[in-house]
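Listed below, chain by chain, are the residues.
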Amino acid sequence: MPPGTALDSGHDFETFARASQRKLYRTAYLLCGNADGARDLTQTTLAKLFQHWRRVAAADHPDAYARTVLTRTFLAERRRRLRDLLAHTKAGPPPMPEHAELRVTLLAALAELPPRARAMVVLRYWEDLSVETVADLLRCSQGTVKSQCSRALARLRTQLGEVHLYATEN
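Residues numbered from 1 in each chain as written. Predicted model: local features only at pLDDT ≥ 70, side-chain atom pairs only at ≥ 80, totals over all residues. Heavy atoms only, no water.

### Some points on the packing of aromatic side chains
Two descriptors summarise a pair of aromatic rings, namely the distance from one centre to the other and the angle between the planes of the rings. To be explicit about the condition: Working definition: a ring pair exists when centres of Phe, Tyr or Trp rings (six-membered ring for Trp) sit within 6.5 Å. Plane angles under 30 degrees give stacked, over 60 give edge-to-face, the rest tilted. By definition, any uninterrupted DSSP run of H or I lasting at least four residues is a helix, any uninterrupted run of E lasting at least two residues is a strand, and each is numbered from the N terminus. Throughout this description, buried means an accessible area under 20% of the type-specific maximum (1.4 Å probe, protein chains only), exposed means over 50%, and partly exposed covers the range between.
For the structure on display, the rule yields four aromatic pairs. Taking the centre distance of 5.4 Å and the plane angle of 80 degrees together, the rings of Phe 13 and Trp 53 count as edge-to-face. Here Trp 53 lies in helix H3 (residues 53–58) and Phe 13 lies in helix H1 (residues 6–32), a separation of 40 residues in the sequence. Overall, Trp 53 belongs to the buried group, its relative accessible area being 10%.

This is the structure:
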């Protein structure tokens, strides 16, 4: 059969899938924390890779491409589950914040940041995601995340003034 036919590309995918399935599963297990979730995530990732096999096969590093698809699929599923959970839970009255003035001040300072810088600060420091994860989520380089976060924090420090003024008393 000539190269480039559907059967040939399917065979290439099978070879790739067999070779990379263990690595993908190991990463999925570390992300999910359980075997069932890891199996599902691995299979979903392989299905997505199969759908776009021509693009994957043409990539310089198909393993890195697969890892990116795995990570983004994991994050998308987490967001979807959270949305579903929030949609199906009865919302009670929000708890009264202990330091309402501090919260308002912080939210106002965050609102002054440009949207992308605000997203980076929130993801990096509030959600406690790694630089790599934030870079992947926002589809930018790690250096961009580091520099933007540094600039945004400096701007917040300038806006908020001295740290001890906002510190809680113990």
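Okay, back to it.
### Considerations on the nonpolar core
Across soluble globular proteins, nonpolar side chains have a tendency to be buried as a group. Under the convention used in this document: Definition used in this section: a nonpolar core is a set of buried Ala, Val, Leu, Ile, Met, Phe, Trp, Tyr and Cys residues joined via side-chain atoms within 4.5 Å. Contacts are assigned to residue pairs that have any heavy atoms within 4.5 Å of one another.
Within the largest apolar cluster, 16 residues are counted, with the highest numbers of intra-cluster contacts made by Phe 13, Leu 46 and Leu 49. Here Leu 49 is in contact with Phe 13, Phe 16, Val 56, Tyr 65, Ala 66 and Val 69, once residues within four sequence places are set aside.

### Side note on unusual backbone geometry
Phi at Arg 139 takes a positive value of approximately 55 degrees, unusual for a residue other than glycine. You can see Arg 139 is positioned in the loop between helix H7 (131–138) and helix H8 (142–160).

### Points about a positive patch on the surface
The test is simple: Patch rule: a residue counts if its relative accessible area is over 30% and it has no salt bridge; like charges are joined within 9 Å, and nonpolar side chains (Val, Leu, Ile, Met, Phe, Trp, Tyr) within 5 Å. Note that accessible areas follow from Shrake-Rupley with a 1.4 Å probe, and for residues the cover is restricted to the protein chains shown. Should a side-chain nitrogen of Lys or Arg be within 4 Å of a carboxyl oxygen of Asp or Glu, the pair is scored as a salt bridge. The convention is simple: Lys and Arg are positive, Asp and Glu are negative, and His and the chain ends are not counted. Note that the charge is assigned to NZ on lysines, CZ on arginines, CG on aspartates and CD on glutamates.
Where like charges cluster on the molecular surface, the positive patch consists of Lys 48, Arg 79, Arg 80 and Arg 83. Broken down by element, the positive patch gets its largest block of residues, three residues, from helix H4 (residues 62–88). Note that Arg 83 resides in helix H4. With relative accessibility at 53%, the residue Arg 83 sits in the exposed group.

### Brief notes about the pattern of salt bridges
Taken as a whole and judged by the stated rule, the model has four salt bridges. We note a salt bridge from Asp 63 to Lys 23, for which the minimum N-O separation is 3.4 Å. Here the residue Asp 63 occupies a position in helix H4, and Lys 23 occupies one in helix H1, the gap between them amounting to 40 residues. Residue Lys 23 is classed as partly exposed on the basis of its relative accessible area of 39%.

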